[in-house]
Amino acid sequence: MDLAYGPEYETFRAELRAFLETHGSEAPGRRGEIASVGSAEVTAWQAKLIDRGYAARTIPKEYGGAGHEADPLIATILSEEFGRTHVSKGVGGQGIDMLVPTLLEHGTEAQKKRYVPATVRGEMVWCQGYSEPGAGSDLAALQTSGRVEGDHLFINGQKIWTSTAQFSQMMFALIRTEPDAPKHEGISYVLVPMDTPGIDVRPLKTMTGHAEFNEVFFDEVKVPLANIVGRRGEGWKIANTTLRHERNMLGSSATSESLYEGALQVLREERIDGGRAVDSPVLRDRLMKLQAETIANKAHAMRLLTSRLRGENAGVAGLVSKLNGCQLNHDLAGLAIDAMGEGGALYRGSERARDGGRWQFQYMFQLGLIIGGGTAQIQKNIISERGLGMPREPKAVKAAAEATPGSDT
Amino acid sequence: MDFGLSEEQALLDETVRRFLDERLPMSRVREVVESESGVDDEGWRALAELGVAGALVPEAFGGAGLSLLDAAVIATALGHGAAPLPFVGSSVLATLLLRDVADGDVQAQWLPALAGGGARIAVGIAERVEARQGAGLTEAEGGLSGTALFVLDGQDADAFWLVCGDDAHLVRAGAAGLTAKPLPTIDRTRRCVEVGLEDAVPEASYRGVGASLDRVLDAGRIVLAADILGGCDRALALSVAYATDRKQFGRPISTFQAVKHMCAEMAAAIEPSRSLVWYAAHAWDALPDEAPLLATLCKAHLSDVGHDVMRTATQVHGGIGFTDECDLQFWFKREGLSRQLLGGPEALRAHAARLQGIA
Ligand SMILES: Cc1cc2nc3c(=O)[nH]c(=O)nc-3n(C[C@H](O)[C@H](O)[C@H](O)COP(=O)(O)OP(=O)(O)OC[C@H]3O[C@@H](n4cnc5c(N)ncnc54)[C@H](O)[C@@H]3O)c2cc1C
């Protein structure tokens with residue numbers, strides 16, 4: 001047990017801190033803030049970060065990245081320091097986190113050249129077209145079809161819950177191209193320009209009041225066969241390799257730490273009958289309970305990081321972070337709201353709403369994350385089956401050939 | 001950066017587990033808990049040879065000179081085996097007090113004997129955490145008087161550390177005016193006693209050692225949490241195994257999603273708890289500023305996780321889980337005692353808030 005990172009890493013951290021102190025104010029709004037996606041402000045900041053190796057760090061230089069070796073400790077320092085200072089860590093989202101690693105692993109040279117640099121610069125925004133009305137947890141049941149004619153695919157069908165589709169230039173989609181093949185073998189991974197005729201994006205307002213995701217309809221949408229990543233019919237396997245990249249990111253303990261700090265501040269500042277909320281033994285007890293969980297998840301993240309560094313398989317320990325982290329975040333938001341009493345119900349539009357209604361927003365948003373990226377129940381299936389070696393349900397055995405479904409975003 | 005057990009620690013864990021599997025299987029545990037002393041003396045001496053009894057005794061006194069993280073690894077293995085052995089009381093609390101507050105002569109007299117497994121010291125410190133009705137000690141010219149409750153591993157102890165305010169007194173079991181009477185709790189695998197004193201004269205007294213007492217309390221909380229963790233591991237393993245064997249509706253109950261999800265919930269709660277126990281123990285060894293808060297929250301958290309796991313595991317077993325015949329009840333009850341000792345979750349969380357200046 002040794003929690004020190006070592007001198008070369010501490011030097012890296014010190015340089016990063018100095019950079020954030022000097023330049024942090026130039027960063028655009030919080031990561032993922034919808035209005036700023038693709039703006040000049042975002043791309044300028046992104047360029048600055050790549051230049052110093054603070055963003056797109058492990059993406060090769062020829063594709064617009066900083067070209068460094070993968071190093072989990074550096075990645076941890078980056079997320080710790082950007083998180084601590086609440087400075088945007090540059091372009092995020094499904095393009096850079098999921099599509100780019102997929103293309104680097106499975107794409108042709110032409111596909112990599114064409115899409116990776118623009119995505120990395122933040123100029124090309126992507127959405128993920130996986131879920132359909134009839135295919136959520138059971139993702140491989142998807143029906144959106146791609147008919148092959150000559151050098152082209154003609155896509156018909158519907159995607160749903162597609163985050164950021166309304167301002168994306170591109171979609172990476174799972175499309176059924178081999179209607180006669182078994183469920184998992186008839187799917188292709190296709191890159192679809194969103195300005196292709198026949199695509200209709202209809203925003204779906206979420207419970208938070210924002211249009212955070214969309215329905216996307218396809219009517220004879222013509223896409224070159226060259227836009228298929230990997231071989232036709234191998235899309236399920238390809239999607240699964242990226243899901244592995246994604247699963248590592250979910251349930252991050254840094255989010256819980258920052259929500260805990262925020263909730264603590266709310267409890268300290270809110271007054272109940274002239275006294276502080278934190279002096280209520282009941283609220284304080286809930287706070288301490290969630291602090292213990294927050295610290296446990298942080299320690300757990302360090303343990304998983306060590307497993308990766310040691311090249312060990314973390315076993316069941318590696319499968320629980322998404323389930324625990326998302327639930328904890330939801331509970332932290334719930335506590336902050338309860339500490340505000342009736343005021344906790346105020347939302348955007350009220351001048352009295354604390355932090356512009358941030359906590360109600362979080363309470364809803366975090367619930368969305370419990371569902372998205374593989375529901376809590378699907379996580380429990382994964383933990384019991386892959387982690388504890390318990391059997392699949394009898395009827396599901398045949399259908400779920402090689403992967404547990406529904407672990408998309 | 002390396003957050004995990006070392007190879008030596010993994011080996012230590014394996015060694016203790018294997019020893020318990022061979023020497024103290026549940027059939028033997030059942031015999032020991034029916035005995036007068038409630039401790040497997042022979043087993044304890046054999047484990048002492050492996051360095052367990054003297055894990056925290058410095059090498060200069062014949063011990064293994066290990067860290068608290070090592071002790072936590074041992075405690076997890078002992079919890080996993082529901083071992084009827086006086087590790088937490090004698091090898092952790094009493095040993096650390098000897099190490100931290102006693103003078104050289106007293107150390108030389110007791111530490112080698114503890115390390116060898118031939119002597120045991122129990123600690124009465126419950127009143128420093130929360131004084132309950134009818135408990136507490138006072139000191140007068142004639143000696144110590146009053147009652148110390150929940151003296152863990154106190155059955156057949158050779159001496160007692162008794163805490164009175166910020167002072168620690170070492171009193172021999174045979175001292176005039178001292179009586180130790182069994183305090184039967186639900187957990188038969190570890191024995192608590194109630195120590196009554198009437199002008200009993202200590203063999204040694206150390207005054208104004210409050211800071212050491214608090215540090216020992218932190219260690220005790222971490223090690224109890226580690227014991228709970230081991231019990232949780234065992235309860236989950238038993239549940240998965242039982243669910244695999246047991247058939248209803250023509251199929252193993254492990255194929256029912258409700259049962260699988262109960263097991264998944266236990267695993268999801270246990271794994272970060274393990275990380276937290278390691279973190280708190282490491283902090284006690286190496287990060288003294290963080291240790292008090294981590295020890296406090298760790299014990300509170302493990303107590304809650306322990307309760308949930310024991311309740312869930314019992315339900316996975318159905319009716320058999322409710323029987324004496326089913327071994328699961330040993331861990332259910334062991335957790336039930338550990339949870340209450342050295343501060344229950346609510347008391348600990350209030351303490352955690354005070355430590356941070358929140359309350
Ligand atoms: C905020 C948010 C953003 C999203 N963004 C995207 C996106 O960008 N792109 C995209 O493609 N998708 C996206 N999704 C969709 C998301 O992946 C799905 O909602 C999710 O996989 C669940 O599918 P579903 O909604 O069809 O629910 P269903 O699968 O119908 O599930 C309904 C209920 O049944 C349970 N259930 C289903 N199957 C099982 C089973 N085998 N065992 C036990 N319980 C089961 C579920 O746990 C759930 O409680 C997003 C969702 C959310 C909430």
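Worth saying up front: this structure is predicted, and the values here are computed from it rather than measured.

Considering the overall build of chain B
Argument step 1. A tally of regular secondary structure across chain B gives twelve helices and ten strands.
Argument step 2. A compact globule built from 359 residues should have a C-alpha radius of gyration of about 21 Å, and chain B, at 20 Å, falls within 12% of that.
Argument step 3. The proportion of buried residues among the 359 residues of chain B is 61%.
Argument step 4. Within chain B, contacts between residues at least 6 apart in sequence are counted, and of these 75% link residues at least 24 apart.
Argument step 5. Of the accessible surface of chain B, which amounts to about 13200 Å², a share of 50% is contributed by carbon and sulfur atoms.
Argument step 6. Where the 31 positive side-chain charges of chain B centre and where its 50 negative ones centre are 7 Å apart.

Digging into the domain arrangement of chain B
Residue and element names in this part refer to chain B.
Argument step 1. By domain assignment, chain B separates into domain 1 (7-115), domain 2 (121-207) and domain 3 (211-355).
Argument step 2. At the interface, 27 residues of domain 1 touch 18 residues of domain 2.
Argument step 3. Carbon and sulfur atoms make up 62% of the surface buried where domain 1 meets domain 2, a total of about 1800 Å² over both sides.
Argument step 4. The largest share of the area that domain 1 buries against domain 2 comes from V33, L97 and W110, three residues that together contribute 29% of it.
Argument step 5. One can count zero salt bridges joining domain 1 with domain 2.
Argument step 6. For the pair domain 1 and domain 2, the interface holds eight residue pairs in polar contact (both at pLDDT 80 or more).
Argument step 7. For the side of domain 1 that touches domain 2, the secondary-structure elements that each account for two or more residues are α2 (26-34), α5 (87-101) and α6 (104-116).
Argument step 8. Here the element with the most residues in the side of domain 1 that touches domain 2 is α5; it accounts for nine residues.

A look at the nonpolar core
Argument step 1. A:Y189, A:L191, B:F87 and B:W161 are the most contacted members of the largest nonpolar core, which has 205 residues in total.
Argument step 2. Ranked by the residues each element gives to this core, the list is headed by helix α8 (residues 210-245) of chain B, at 16 residues.

Description of the interface of chain A and chain B
Argument step 1. Listed as interface residues are 48 residues of chain A and, on the opposing side, 43 residues of chain B.
Argument step 2. Across the chain A/chain B interface, buried area totals approximately 4000 Å², and carbon plus sulfur atoms make up 64% of it.
Argument step 3. In terms of surface lost to chain B, no three residues of chain A exceed A:M1, A:R303 and A:M390, which account for 19% of the buried area on that side.
Argument step 4. Linking chain A with chain B are six salt bridges, by the criterion used here.
Argument step 5. A salt bridge links B:E265 to A:K380, with the shortest nitrogen-to-oxygen separation between them at 2.7 Å.
Argument step 6. Taken together, the links from chain A to chain B amount to 19 residue pairs in polar contact (both at pLDDT 80 or more).
Argument step 7. At 19 residues, the largest contribution of residues to the side of chain A that touches chain B is made by helix α8 (residues 281-310) of chain A.

Observations concerning the domain arrangement of chain A
All names here are of chain A.
Argument step 1. Domain boundaries assigned for chain A yield domain 1 (8-91), domain 2 (126-233) and domain 3 (251-387).
Argument step 2. Counting from both sides, the interface comprises five residues of domain 2 and, opposite them, seven residues of domain 3.
Argument step 3. Together, the buried faces of domain 2 and domain 3 total about 500 Å²; carbon and sulfur atoms form 66% of this surface.
Argument step 4. Counting the surface domain 2 buries against domain 3, the share from its top three residues, S137, M207 and T208, is 76%.
Argument step 5. Linking domain 2 with domain 3 are zero salt bridges, by the criterion used here.
Argument step 6. Residue composition of the side of domain 2 that touches domain 3, by class: one nonpolar, three polar and one charged.

Quick look at helix α10 (residues 358-371) of chain A
All names here are of chain A.
Argument step 1. A rise of 1.5 Å per residue sets the reference length of α10, with its 14 residues, at 20 Å; its end C-alpha atoms lie 20 Å apart and thus fit the reference within 8%.
Argument step 2. Residues W359, Q360, F361, Q362, M364, Q366 and I370 constitute the buried set of α10.
Argument step 3. Tucked into the core, α10 has its buried residues touching α7 (253-269), α9 (321-339) and α11 (376-387).
Argument step 4. Residue G373 follows α10 closely and has a positive phi angle near 70°.

Re the confidence of the model for chain A
Argument step 1. Averaged over every residue, the pLDDT of chain A is 91; the share at 70 or more is 92%.
Argument step 2. Confidence drops under a pLDDT of 50 for residues 31-35 of chain A, and excluding neighbours within four residues, the segment shows nine contacts in the predicted structure.

A closer look at the layout of surface pockets
Argument step 1. The space that makes up the second largest pocket amounts to roughly 710 Å³.
Argument step 2. Every residue lining the second largest pocket is counted, 31 residues in all, and those nearest its centre are A:E293, A:N324, B:E265, B:A269 and B:D308.
Argument step 3. Elements supplying a minimum of two residues to the lining of the second largest pocket: α8, α9 and α11 of chain A together with α9 (257-286) and α10 (291-316) of chain B.
Argument step 4. The element contributing the most residues to the lining of the second largest pocket is α10(B), with eight residues.
Argument step 5. Classifying every residue of the lining of the second largest pocket gives 16 nonpolar, six polar and nine charged.

Re the pattern of salt bridges
All names here are of chain B.
Argument step 1. Evaluation of the coordinates by the stated rule reveals 51 salt bridges over all chains.
Argument step 2. Among the ionic pairs, R17 bridges to D13, the shortest N-O distance being 2.8 Å. Here D13 and R17 lie together in helix α1 (residues 7-23), a separation of four residues that amounts to about one turn.
Argument step 3. The partner of R349 in a salt bridge is E346, with the nearest N and O atoms 3.6 Å apart.

Some words on a nonpolar patch on the surface
Residues and elements named next belong to chain A.
Argument step 1. A surface patch of nonpolar side chains, amounting to about 300 Å² of accessible area, comprises M207, L367 and I371.
Argument step 2. Residue position: I371 is located in helix α10.
Argument step 3. Taking the relative accessible area as the measure of exposure, I371 reaches 51% and is therefore exposed.

Rules used throughout
- Residues numbered from 1 in each chain as written.
- Chains lettered and ligands numbered in written order.
- Predicted model: local features only at pLDDT ≥ 70, side-chain atom pairs only at ≥ 80, totals over all residues.
- Heavy atoms only, no water.
- Helix = DSSP H or I, 4+ residues; strand = E, 2+ residues; numbered from the N terminus.
- Rg over C-alpha atoms; globule rule 2.2 N^0.38 Å.
- Buried < 20%, exposed > 50% of the residue type's maximum accessible area, 1.4 Å probe, protein only.
- Contact = heavy atoms within 4.5 Å.
- Areas by Shrake-Rupley, 256 points an atom, 1.4 Å probe, with all protein chains shown as cover.
- Lys, Arg positive; Asp, Glu negative; His and termini not counted.
- Charge placed at Lys NZ, Arg CZ, Asp CG, Glu CD.
- Domains from an automatic or database assignment.
- Buried area = accessible area lost by both parts, 1.4 Å probe.
- Salt bridge = Lys/Arg side-chain N within 4 Å of Asp/Glu carboxyl O.
- Polar contact = N/O pair within 3.5 Å; in protein donor to acceptor, adjacent residues only side chain to side chain.
- Core = buried A, V, L, I, M, F, W, Y, C linked by side-chain atoms within 4.5 Å.
- Nonpolar A, V, L, I, M, F, W, Y, C, P; charged D, E, K, R; others polar.
- Expected span 1.5 Å × (residues − 1).
- pLDDT = per-residue confidence, 0-100.
- 1 Å grid on protein atoms, 1.4 Å probe; cavity = no way out; pocket = protein on both sides within 12 Å on 5 of 7 lines; lining within 4 Å.
- Points joined across faces, edges and corners; volume = space filled by probe spheres on them.
- Patch = residues over 30% accessible without salt bridge, like charges linked within 9 Å, V, L, I, M, F, W, Y side chains within 5 Å.

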